[in-house]
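Per-entry structural report
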Amino acid sequence: MTRLPFRFLLRILRPCGLMLATVLAVASGQPARASADPQVVLTTWYRLVLELVRHTPTYSPPVAARAFAYLGVTAYEATASGNPGMTSLAGQLNALTPPPARDAGAAYDEGLVLQAAIAASVANFFGNTGPTGHRAMAALQDKLDKDAADGIAPEVAARSRAHGKAVADHILAWSQADGGAVITNMGFPVTWTPSDLPGHWVPTSRIVQQQAPLLPEWGRNRPLAMPGGSSCPLPPPPPYSEEPGSDFHAEAVEVWQASRTLTTEQREIAAFWSDDPMLSPTPPGHWISILLEIADRDRLDPTRTADALARLGIAMSDGFIGCWDAKFRHDLIRPVTYIRKTIDPQWEPLLITPPFPEYPSGHSTQSGAAATVLTAIFGAHFSFTDSTHADDGLPPRDYPDFWTAANEAAISRLYGGIHFRAAIERGLEQGACIGAHVNALRTLE
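Let me sum up the structure you'll find in this document.

What counts, and at which threshold
Residues numbered from 1 in each chain as written. Predicted model: local features only at pLDDT ≥ 70, side-chain atom pairs only at ≥ 80, totals over all residues. Heavy atoms only, no water. Helix = DSSP H or I, 4+ residues; strand = E, 2+ residues; numbered from the N terminus. Contact = heavy atoms within 4.5 Å. Disulfide = S-S within 2.5 Å. Axes fitted to C-alpha atoms, helices over the stretch in contact; angles between N-to-C directions. Parallel < 35°, antiparallel > 145°, perpendicular 65-115°, else oblique. Nonpolar A, V, L, I, M, F, W, Y, C, P; charged D, E, K, R; others polar. Core = buried A, V, L, I, M, F, W, Y, C linked by side-chain atoms within 4.5 Å. Buried < 20%, exposed > 50% of the residue type's maximum accessible area, 1.4 Å probe, protein only.

What about the side chain of threonine 372?
Within the secondary structure layout, threonine 372 lies in helix H12 (residues 362-378). Ignoring anything within four residues of it in the chain, the contact list for threonine 372 reads Trp403, Gly431, Ala432, Gly435, Ala436 and Asn439.

Following this line, the structure appears as structure tokens:
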């Protein structure tokens, strides 16, 4: 297992100290008790998850998106169970039944409910992370649990923990039947026979494990908000042709020529949105990071934060199911294979080509879904700064709205030499369709 560096523990646990400062009681003028603010519980756990995704080998982008979705639903339902202004997602998400209810008239502490729910959820979804990750989870759980319980009557604390754990267990049981709960061999089939027809995907890596594509059955998983994996279908890509002047050949020439004339800005964009597994929080984690920055900057309350994290997680998880459904229906060849065969045998793309079919672009689909949902939550002209990779040496980037960021994330894959234009543009369209299913959910009244 990959080991997390000690600086990781320091970076994650340092914010917990903020909870030891005073938390002002709302409009009461009374000193705040030293218990955990639900908002801090929520965002601190999510920051740990961004690091766990980076250091857990099975967490490819689709798997990461799935975890973000179920973690988001867990946090939302735990919060909603004590908030009459929030509508449960039970009966709205596929096969989700109502989670356990709170005891009528009994007292609960919101920080402890949320703490217990998220701690249990993270422990389940990241049970296969490395030893340092397990130490980080244990340390954070101990720290937040003590902070949340400080000053709380023992019976209220016990009741709150039990309820949060019951909600997490309910969501976990629901997740087990979606088709994505078990990942073997890092998500690569042990045996695979690529198509021998022209234009179909062939392996682009020399790694033995990657002679098969990643998660070929993922598109058959049960989605959360959209009815099925093929609910947002795409038209086929341009007909395959090796003839100069054909639409397909022209798309390949565009990628090849772009790679030879990349500006410094385009190279920076390709690197900023690359989000490679094991080197980053992955593409879905990138959008979660953006949302956490907004939550901190705008001082969102736990209700709005839980709602936004749940809807964003659902959108990205469904986005990868829809994208993978289309990828393996069309099974299209990658630019690196086509360009070396028909245009330039020595060509090297800027980025490493992922081991699965080309059409549509996963970055495009999930970014389109994310932008659609975040725009519905925050508005069409909502500016923000994205500092996701600041600790990795990549400077923050500013955006006037979510769709500007989504379009940049999408075109970054052409700059990187990974996708043709049709995969980029139609992936964004597919993401918008998937995001619309999420926007139809009823959450905050």
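Some words on the state of the cysteines
Where two cysteines share a covalent bond between their sulfur atoms, that bond is called a disulfide. Counted under the stated rule, the structure contains one disulfide. Disulfide pairing is shown between cysteine 232 and cysteine 433; the S-S distance is 2.1 Å. Torsion about the S-S bond of the cysteine 232 and cysteine 433 cystine: about -80°, corresponding to left-handed handedness. Linking cysteine 232 in the loop between helix H6 (154-175) and helix H7 (247-260) with cysteine 433 in helix H14 (residues 421-439), this pair joins segments that are 201 residues apart in sequence.

Here's the deal with the packing of H7 against helix H11 (residues 335-342)
Axis separation between H7 and H11 bottoms out at 10 Å; the angle between their running directions is 100°. With respect to their mutual orientation, H7 and H11 come out roughly perpendicular. Contact residues: H7 offers Phe248, His249, Ala252, Val255 and Trp256, while H11 offers Pro335, Tyr338, Ile339 and Thr342. In the contact of H7 with H11, the residues fall into seven nonpolar, two polar and no charged.

Here's the deal with unusual backbone geometry
The omega torsion of the bond from tyrosine 359 to proline 360 falls at 0°, within 30 degrees of zero and hence cis. Note on placement: proline 360 falls in the loop between H11 and H12. In this structure, alanine 95 takes a positive phi of about 70° despite not being glycine. Relative to the helices and strands, alanine 95 is located in the loop between helix H3 (61-80) and helix H4 (110-125). Located in the positive-phi region is methionine 278, a residue other than glycine, with phi close to 75°. Within the secondary structure, methionine 278 is located in the loop between helix H8 (264-272) and helix H9 (282-297).

Examining the nonpolar core
Of all hydrophobic cores here, the largest spans 128 residues; its most connected members are Leu93, Phe126 and Trp287. Residues contacting tryptophan 287, with those up to four places away along its chain left out, are Trp273, Leu312, Met316, Gln366, Ser367, Ala370, Leu374, Phe402, Ala405 and Ala406.

Taken by themselves, the reported measurements are silent on function.
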